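# Tertiary structure, described
Chain residues, written in single-letter form:
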Amino acid sequence: MENWVQVCQVDDIEAEDVIRFDHGDRTFAIYRSDDDQYYASDGLCTHEEVHLAGGFVMDNIIECPKHNGRFDIATGEAKGAPACIDLRTYPVKIEAGRVVIDIS
Amino acid sequence: MTAEFTKRDYSLVGLDSKLAEEKGLANAEWYASEIPRKRMKELIQRRNGPAIRDTAIWFILLIASGTAGYMLWGSWWAILPFMIYGVLYGSASDSRWHECSHRTAFRTKWMNDVVYEIASFMVMRESVPWRWSHTRHHTDTIIVGRDPEIPAPRPPDLLGIAMSLFSLKTGPGEILKVLLHCTGRLTAAEETYIPGEEQHKVYRNARIWVLIHALVIAVAIGSGSILPLMYIGLPSFYGAWEQLLCGLTQHIGLAEDVLDHRLNCRTVYMNPISRFLYWEMNYHVEHHMFPMVPYHNLAKLHEELKHDMPVPYSGFWEVYREIIPALFRQVKDPRYYVKRQLPGSARPAMPGPAAAMMTE
Ligand code: FES
């Protein structure tokens, strides 16, 4: 079942950047690409559970701040050691200027 | 006087490994200096330009010194070009290996990966095991029982350090590991940090390495000259001294089991030649604290953070004036270490949860 949750205003995330979003006991990373596409994934790196929001987005890749593990922000695909396990991603939509994600 | 010292277990599968976990030192949260995100975003930007330029210069110098060595072979004058070739091959490869393992040197991933494989071969560090070992070094920097890259376990082995000038301590061990990997096996320590899905790459690469070296040895035997080995194989030994000179400055003599890189890493100002060979790893506190920043921006990062860092060392002279006596003292008293002083402008040190439990 779908479970859409409001995250923030679209402008709360800078272009080519990421923010952390906590909901209940779960944590997510919400991304905005440089062409203003929004994406969402689990918030913790699949390597050693570091918050990806401490990292940076470059060329649609989120780079983990701890060991430079990289993931595609659109698909969650891990792009090579030490990031070997893909990130789970979540559907995102924009409603009335707000970023909304489906965390089901 | 202090209580009796119990020798610590630096292996990754021993008592201190368990203790590190119990004390909350394993995979812990580390101190990070404050820096505006906007500025950090500028500093982490990747560019191909600096690394392409530096790699081109590196290869041109390798070819030039290698050619001069060939032309002068048979005379004593060949020593000079081979000294240069050796340092470029056996020492400059260390920093190329390092930066490309983080994939920060180039913007383009495949460029990092290609240079990483070449540099790994030159510096005789197998690319897959060492990527994972270095990952652990960043997770648990100088945490006893966790970090596989602690350069001088206490009490330090002074002879071993001296032998490392020509890679005679670690080199033979690396060769044995390559041979082990050829048989499709890992060491017990490697099992703790190389994930299963990566292990087949270790075995494949080890076999390629052995094949290349066997070929060079065969050419040397066939031609009745060690000259081929002067280009591939031996420079990993005779050219290793410069990377040791730089590399020892990183952590030796400083605190173990702290969660603050300002206390267990050094930043040392170096001359332009060393900085070129070493790819700015002299800014070592900054690199450990923010490994996303590429080497060509570390000097800028240093400017941003220096109010929060111990005073950097002015050069090799100052740093070795500290390291050498510290090593000799640690032989007699392994509890001794150099306490880095933070300036008044810095935020307090974060020695970590074990501080109260440590015996030092
Ligand atoms: S924790 Fe993210 S790459 Fe290691």
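Figured I'd write up the structure that's included with this text. (Residues numbered from 1 in each chain as written. Chains lettered and ligands numbered in written order. Predicted model: local features only at pLDDT ≥ 70, side-chain atom pairs only at ≥ 80, totals over all residues. Heavy atoms only, no water.)

### Observations concerning the overall build of chain B
A count of helical and extended segments in chain B gives 19 helices and zero strands. Expected size for 360 residues packed as a compact globule is a radius of gyration near 21 Å; at 21 Å, chain B falls within 12% of this value. With respect to the principal axes defined by its C-alpha atoms, chain B has extents near 65 × 40 × 40 Å. Intrachain contacts of chain B at a sequence separation of at least 6 include 74% that bridge at least 24 residues. Surface summary for chain B: the accessible area is close to 16200 Å², and the carbon and sulfur share equals 67%. Placing the 38 positive and 36 negative side-chain charges of chain B at their respective mean positions leaves the two points 3 Å apart. (Helix = DSSP H or I, 4+ residues; strand = E, 2+ residues; numbered from the N terminus. Rg over C-alpha atoms; globule rule 2.2 N^0.38 Å. Contact = heavy atoms within 4.5 Å. Areas by Shrake-Rupley, 256 points an atom, 1.4 Å probe, with all protein chains shown as cover. Lys, Arg positive; Asp, Glu negative; His and termini not counted. Charge placed at Lys NZ, Arg CZ, Asp CG, Glu CD.)

### Structural notes on the pattern of salt bridges
Residues and elements named next belong to chain B. A full pass over the atoms with the stated rule returns 34 salt bridges over all chains. Put simply, Glu 322 and Arg 266 hold a salt bridge, and the shortest N to O gap is 2.9 Å. Here the residue Glu 322 occupies a position in helix H19 (residues 316-332), and Arg 266 occupies one in the loop between helix H15 (261-264) and helix H16 (272-278), the gap between them amounting to 56 residues. Each of Arg 8, Asp 16, Arg 154, Glu 256 and Asp 257 takes part in salt bridges that share partners, so that together they form one network. (Salt bridge = Lys/Arg side-chain N within 4 Å of Asp/Glu carboxyl O.)

### Some thoughts on the layout of surface pockets
A water-sized probe rolled over the atoms picks out the places where empty space is left. Quantified by volume, the largest pocket comes out at close to 1300 Å³. Trp 130, Pro 148, Glu 149, Ile 150 and Thr 170 of chain B are, among the 48 residues lining the largest pocket, the residues nearest its centre. Of all elements in the fold, only helix H5 (92-101), helix H7 (127-139), helix H8 (158-163), helix H9 (170-182), helix H10 (188-193), helix H14 (241-247) and helix H17 (284-289) of chain B reach the threshold of two or more residues within the lining of the largest pocket. No other element matches H7 of chain B, which puts five residues into the lining of the largest pocket. By residue class, the composition of the lining of the largest pocket is 20 nonpolar, 19 polar and nine charged. Roughly 810 Å³ of internal volume is contained in the second largest pocket. As for the second largest pocket, its lining consists of 28 residues, and the residues nearest its centre are Val 50, Pro 65 and Lys 66 of chain A together with Trp 30 and Ala 32 of chain B. Residue assignment for the lining of the second largest pocket shows that the elements contributing at least two residues are helix H2 (37-43) and H17 of chain B. Across the lining of the second largest pocket, the residue classes break down as 15 nonpolar, seven polar and six charged. (1 Å grid on protein atoms, 1.4 Å probe; cavity = no way out; pocket = protein on both sides within 12 Å on 5 of 7 lines; lining within 4 Å. Points joined across faces, edges and corners; volume = space filled by probe spheres on them. Nonpolar A, V, L, I, M, F, W, Y, C, P; charged D, E, K, R; others polar.)

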